[in-house]
Amino acid sequence: MRSPSLTLRLTAIFTLIVMLACVGIGFTLYSALRNELIWRDDQTLINRGSQLRQLLKDGANPHSLLLYFNHMIDNQQDILTIRSAGQFDVNFNHTGIPLPELTPLPAGESPRSDNLHRWFSPAGTEVTALSLQGESEGIPVTITVARVAHERALMLASYRNKSLMVCLAMLLLCALLSPLLIRRGLSTIKVLSKITAETGSDKLQHPISLKALPRELLPLGEALNVMRQRLAEDFLRLTQFADDLAHELRTPINILLGQNQVALSHPRSLEEYQQLLEGNIEELENLSRLTGNILFLARADHRNVCLNKETFSIRDALDDLIDFLEPAAEEKGIRFSLEASGDLCADKMLFQRAVTNLLTNAIRYAPEGGEVVVTVDNTAESVAVSVQNQGERLESAEKLFTRFWRGDNARHEPGTGLGLSLVKAIAELHGGTSYYQHHAGRNIFGIRIKREDSDAA
């Protein structure tokens, strides 16, 4: 099922917000108006009852009071009764709603809102009444004034209906205008989408201008620029990698092609063909190692290498490597110095492969008669194996672990420039790092591997 559009979602949200706002404002105003009308009716009853009690006390005739208040009484909603000795002296009630027995307020007390009696008529209309004790010519009387909230109910109903009509009109207007305004507000996203769709390898170096973006889209624009920068770096690295790979493959292929063309130019002896095949095999082995290393690096980049971890003695593993490389070191008169102890949990074959590359480089570039020092730094968090040889500080130290990169002093030496890249990849597979330092006339290359128990801690 297709997800609703962003415009539809925002329109629904805005319409809901407007609806809630209209309901809240309408309810608040309706309640305020209703409370105000009730207060006015209550004050009218209190004032009317107080005046009637005072007039009767001053000697006014009960029958004349009806004429006095006639212009103030509404036949449809006002009730007035005056009783003495259980008889009605005045009974003005055209509403058709009988008054129940009410407890009158004693003559010495002033009426308040708390003394009002409220109930609902059979028709559902609210009735408010006030009953007071008074006296007329020394005779106790009971004065009752009441009001049926008929007009108030009609006024509130009219206000409620008009408020609902206004709210519905506002909701309809919001539902119609919101999509237009939202689409206009989201036009910047379309611009970003167009720029992203038109992005090519030649435009990755140019960041997106953030000046015209609203504040809400600045994080998206900044993220797109970061992505473009990373893509540009990856594309440049991939292009450089392809160029270096083509260069490295071209040399052995040209050698094979040249050797075979020369051999086929005229008949050769059996011994010469054997030498040719031996040379071909040697170049093919170089190609096989090169493609194997490239495949390993590609798999390492995607963490697609299965590590067969085991616990082994670091010194024993390094002793085996030094014994293996001893003949190559003796040809240059190079001696080894080893300081190692402790155990390590790692893929032993990959560990030895990385250290072999470090030792091979150290032998290759160490001066004749020099010394290669191998040390192990054991800590609770990691194990660092350092290989040192005498030599000048290397330039472009940040490129030493880059694939196919070889310094000017190393281009006349055999190799593909992948050795240190393999060291870095193996270290990262174990959650560690590779490093280079120069100290006291010595070049120091190393690999640092984290201990598994430190990760668990």
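Residues numbered from 1 in each chain as written. Predicted model: local features only at pLDDT ≥ 70, side-chain atom pairs only at ≥ 80, totals over all residues. Heavy atoms only, no water.

Asks: If you had to explain unusual backbone geometry to someone new, which residues and values would you point to?
Replies: In this structure, E137 takes a positive phi of about 55° despite not being glycine. Along the chain, E137 falls in the loop between strand 4 (126-136) and strand 5 (139-148). In this structure E137 comes out as exposed when scored by relative accessible area, which is 67%. Within the chain, A440 stands out as a residue other than glycine whose phi angle is a positive 55°. Along the chain, A440 falls in the loop between strand 11 (433-439) and strand 12 (442-450). (Helix = DSSP H or I, 4+ residues; strand = E, 2+ residues; numbered from the N terminus. Buried < 20%, exposed > 50% of the residue type's maximum accessible area, 1.4 Å probe, protein only.)

Asks: An account of the state of the cysteines is needed here, citing residue identities and associated values.
Replies: Counted under the stated rule, the structure contains zero disulfides. Cysteine C167 is unpaired, with the sulfur of C22 as its nearest cysteine sulfur at 4.2 Å. Free cysteine: C306, not disulfide-bonded; nearest cysteine sulfur from C345 at 13 Å. The class for C306 is exposed, based on a relative accessible area of 61%. (Disulfide = S-S within 2.5 Å.)

Asks: Please give an account of helix 1 (residues 6-57) that cites residues and values.
Replies: A turn of α-helix holds 3.6 residues, and therefore any two residues three or four places apart point the same way. Compared with the 76 Å implied by 1.5 Å per residue over 52 residues, the 76 Å span of helix 1 between its first and last C-alpha is a close match. Positive phi appears at G59, one or two residues downstream of helix 1, with a value of about 105°. (Expected span 1.5 Å × (residues − 1).)

Asks: Could you give an account of the sheet that holds strand 7 (residues 335-339), with specific residues and numbers?
Replies: Reading across from one edge, 7-9-10-12-11 is the order of the five strands in this open sheet, with mixed pairing throughout. Two strands bound the open sheet, and with one partner strand each, they are strand 7 and strand 11. Neighbouring strand axes in the sheet, compared pairwise and without regard to direction, differ in orientation by 15° on average. Bridge count for strand 10 (residues 382-390) against strand 12 is nine bridges, and the pairing is antiparallel. In the sheet register, S386 faces strand 12, and the bridge partner there is G446. Its contacts with the sheet put helix 7 (residues 314-331) on strand 7, strand 9 (371-378) and strand 10, and the angle it makes with strand 7 is roughly 175°. The strands touched by helix 8 (residues 348-365) are strand 7, strand 9, strand 10 and strand 12; relative to strand 10, the strand with the most contacts, the crossing angle is about 15°. (Pairing = 2+ DSSP bridges. Axes fitted to C-alpha atoms, helices over the stretch in contact; angles between N-to-C directions. Contact = heavy atoms within 4.5 Å.)

Asks: Pulling in residues and values, what's your account of the pairing of strand 2 (residues 87-93)?
Replies: In this sheet, strand 2 lies alongside strand 1 (residues 78-84) in antiparallel orientation, the contact comprising six bridges. Of the residues in strand 2, the one forming a bridge with S84 is Q87. Where strand 1 folds back onto strand 2 in an antiparallel hairpin, the turn is made up of two residues, including A85, whose phi is positive at roughly 55°.

Asks: Outline the packing of helix 7 against helix 8, listing residues and values.
Replies: Axes are the key here: two packed helices are described by the angle between their axes and the distance separating the axes. In contact at an axis separation of 10 Å, helix 7 and helix 8 are set at 35° when each is read in the N-to-C sense. As helix 7 packs across helix 8, the resulting crossing turns out to be right-handed. Across the interface between the two elements, A317, L318, D320, L321, L325, A328 and A329 from helix 7 touch K348, F351, Q352, V355, T356, L359, T360 and I363 from helix 8. Across the contact of helix 7 with helix 8, the residue classes tally to ten nonpolar, three polar and two charged. (Left-handed = near helix turned anticlockwise from the far one by under 90°. Nonpolar A, V, L, I, M, F, W, Y, C, P; charged D, E, K, R; others polar.)

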